[in-house]
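For reference, the chains in residue letters:
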Amino acid sequence: MAAGRLMTAGRPVAAVLATVLSAALLAGCSGGGEDTARLEHAADYAGHPHLEVTGYPVPETLGLVQQVVWRLADGSAERLLKLAAAEGPADARRTVAEEWVRTYGPGAAGKVTADFGDDPANRQTVRLTFHGTGQVKELTLRPDGADGGGGWRVLLAA
């Protein structure tokens, strides 16, 4: 009955799911780091518009780009910075993250298309189109660390 009233009141199911998952996170209902990460991902996924994708992503690059768009939409330069490749001075990366959030955050809150370049070997270019603002941002992704063991990261460049 309660779920029926929520639907008839016009609340999207995704918003309800995001609220429930967020409450679970705040209450500390997870059993460990991996469970917390899954709950955070589920809340992010439910709380943001879906990314439209063209081209040739691999799971790692697709996941990274989705998180970049979520961090932009959330206005979270700090969390965007955690997705950055360790290239250049930390202060410069922070400045770029803050600029990206200011510039692309409003567009990232709406419909976004990610066009992935060719199948990545050690680098991939992704073109983000923010439909609500008409903006376009090209991202460069690469494996981080000397041997690529740091996972895929986004290059934060002006």
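Residues numbered from 1 in each chain as written. Predicted model: local features only at pLDDT ≥ 70, side-chain atom pairs only at ≥ 80, totals over all residues. Heavy atoms only, no water.

Undergrad: When you look at the sheet that holds strand 5 (residues 152–154) in this model, what are you seeing that I'm missing?
TA: Strand-to-strand pairing in sheets goes through backbone hydrogen bonds, with the strands running parallel or antiparallel. Taken in spatial order, the five strands make up an open sheet running 1-2-3-4-5, and their pairing is mixed. Each edge of the sheet is formed by a strand with only one pairing partner; in this case those strands are strand 1 (52–55) and strand 5. Direction aside, the axes of adjacent strands within the sheet are offset by 25° on average. Here three bridges tie strand 4 (residues 135–143) to strand 5, and the two strands are oriented antiparallel to one another. Looking across to strand 5, one finds that Arg142 is bridged to Arg153. Strand contacts of helix 4 (residues 59–74): strand 1, strand 2 (112–116), strand 3 (124–130), strand 4 and strand 5, with the helix running at about 35° to strand 5, the strand carrying the most contacts. (Pairing = 2+ DSSP bridges. Helix = DSSP H or I, 4+ residues; strand = E, 2+ residues; numbered from the N terminus. Axes fitted to C-alpha atoms, helices over the stretch in contact; angles between N-to-C directions. Contact = heavy atoms within 4.5 Å.)

Undergrad: Whenever I open this one, the packing of aromatic side chains confuses me. Can you help?
TA: Given two aromatic rings, their pairing is described by the distance between the two centres and the angle made by the two planes. Summed over the entire model, instances satisfying the criterion amount to one aromatic pair. Plain terms: the ring middles of Tyr104 and Phe130 are 5.4 Å apart, the flat faces sit at 25° to each other, and that makes the pair stacked. Here Tyr104 is found in helix 6 (residues 90–108), whereas its partner Phe130 is found in strand 3, with 26 residues between them in sequence. Phe130 matches Tyr104 in its accessibility class, with the two residues each being buried. (Phe/Tyr/Trp six-rings, centres within 6.5 Å; stacked < 30°, edge-to-face > 60°. Buried < 20%, exposed > 50% of the residue type's maximum accessible area, 1.4 Å probe, protein only.)

Undergrad: Explain the pairing of strand 2 to me, please; I cannot follow it from the model alone.
TA: Note on strand geometry: in a regular strand, side chains alternate between the two faces of the sheet. The element strand 2 is extensively covered by neighbouring structure, given that four of its five residues are classed as buried. Sheet topology places strand 1 next to strand 2; four bridges connect them, and they run parallel. Each bridged residue has a counterpart across the sheet, and for Glu52 the counterpart in strand 2 is Thr113. With five bridges connecting them, strand 2 and strand 3 associate as antiparallel partners. Each bridged residue has a counterpart across the sheet, and for Val112 the counterpart in strand 3 is Phe130.

Undergrad: Before we go on, may I ask you to explain helix 4 in this structure?
TA: Because the α-helix completes a turn every 3.6 residues, residues three or four places apart line up on one side. Between its first and last C-alpha, helix 4 extends 22 Å over 16 residues, near the 22 Å set by a 1.5 Å rise per residue. Listing the buried residues of helix 4 in full gives Thr61, Leu64, Val65, Gln66, Val68, Val69, Trp70, Arg71 and Leu72. In the segment just after helix 4, Gly75 is the residue with positive phi, at about 70°. (Expected span 1.5 Å × (residues − 1).)

Undergrad: Would you take a moment to explain the pairing of strand 3 for this structure?
TA: Side chains Gln124, Val126, Leu128 and Phe130 project from strand 3 onto a buried face, and the interleaved Thr125, Arg127 and Thr129 project onto a face without burial. Strand direction decides the pairing type here: strand 3 and strand 4, joined by seven bridges, are antiparallel. Each residue of the ladder has a partner; that of Thr129, found in strand 4, is Val136. Where strand 3 folds back on strand 4, the antiparallel hairpin that results is connected by four residues, among which Gly134 adopts a positive phi of roughly 75°.

Undergrad: Even after reading the chapter, I still don't get the pattern of salt bridges, so can you show me in this structure?
TA: Oppositely charged side chains are able to pair whenever their charged atoms sit close together. Enumeration according to the criterion identifies six salt bridges in this entry. A salt bridge links Asp144 to Arg142, with the nearest nitrogen and oxygen atoms 3.4 Å apart. Note on Asp144: relative accessible area 11%, which makes it buried. Taking the relative accessible area as the measure of exposure, Arg142 reaches 12% and is therefore buried. Overlapping salt bridges, with partners in common, bring together Glu87, Arg142 and Asp144 in one network. (Salt bridge = Lys/Arg side-chain N within 4 Å of Asp/Glu carboxyl O.)

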